[in-house]
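As a plain string of letters, each chain reads:
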Amino acid sequence: MRFKTSLVNDDLTTDTPHKPLLAVKQRTGGRRNKGDLTIRHQGGGHKQKLRLIDFKREKYGVPGRVATIEYDPNRSSRIALVHYATARSATFCSRSASRLAPR
């Protein structure tokens, strides 16, 4: 058991992502528009989807509630799904998602 690392997902509140905020992640596999291999050692891996994250935080000063904390395979931090009082839509927020969640 030396040098063993394992994932701890105790802080996640859901295991399925919020579907309206997902987008397809296009992968090239190291090939260009002609189809020939230009970059070696790329390709394969598990299919991933992008989470559309609101990095600009345009709803400044609007009260919001953290609905879920989710896993994002594209980054090392957790993301929080935030429901705002004025908008009908929800947004993902990646800035210290565990600090935003109420206990």
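My aim in this report is to walk through the structure given alongside it, one point at a time. Source: prediction; values computed, not measured. (Residues numbered from 1 in each chain as written. Predicted model: local features only at pLDDT ≥ 70, side-chain atom pairs only at ≥ 80, totals over all residues. Heavy atoms only, no water.)

1. Examining the sheet that holds strand β4 (residues 79-84)
The line we're drawing: DSSP bridges decide pairing: two strands pair if at least two such bridges lie between them. Secondary structure elements follow DSSP: runs of H or I of four or more residues count as helices, runs of E of two or more count as strands, with numbering from the N terminus. Note on geometry: axes are lines fitted to C-alpha atoms, helical ones only across the stretch in contact, with angles between N-to-C directions running from 0 to 180 degrees.
The antiparallel open sheet is built from three strands, whose spatial order is β3-β4-β5. Lying at the two open borders of the sheet, with one neighbouring strand each, are β3 (64-70) and β5 (90-93). This sheet shows a mean twist of 30 degrees between the axes of neighbouring strands, independent of strand direction. Across four bridges, the pairing between β4 and β5 is antiparallel. Within β5, the position partnered with L81 by the bridge is F92.

2. Points about the pattern of salt bridges
Charged atoms that come close allow side chains of opposite charge to pair. Stated formally: Here, a salt bridge means any Lys or Arg side-chain nitrogen found within 4 Å of an Asp or Glu carboxyl oxygen. Accessible area is worked out with a 1.4 Å probe on protein chains only. A residue is then buried under 20% of its type maximum, exposed over 50%, and partly exposed in between.
According to the stated counting rule, one finds three salt bridges in the structure shown. D11 is the salt-bridge partner of R78, the closest N and O atoms lying 3.4 Å from each other. With R78 in the loop between β3 and β4 and D11 in the segment before β1 (22-24), this pair connects stretches of sequence that are 67 residues apart. Using a relative accessible area of 17% as the deciding quantity, one classes R78 as buried. Notably, a salt bridge pairs D72 with R75, separated by 2.2 Å at the nearest N-O pair. Of the residues examined, R75 reaches a relative accessible area of 29% and is grouped as partly exposed.

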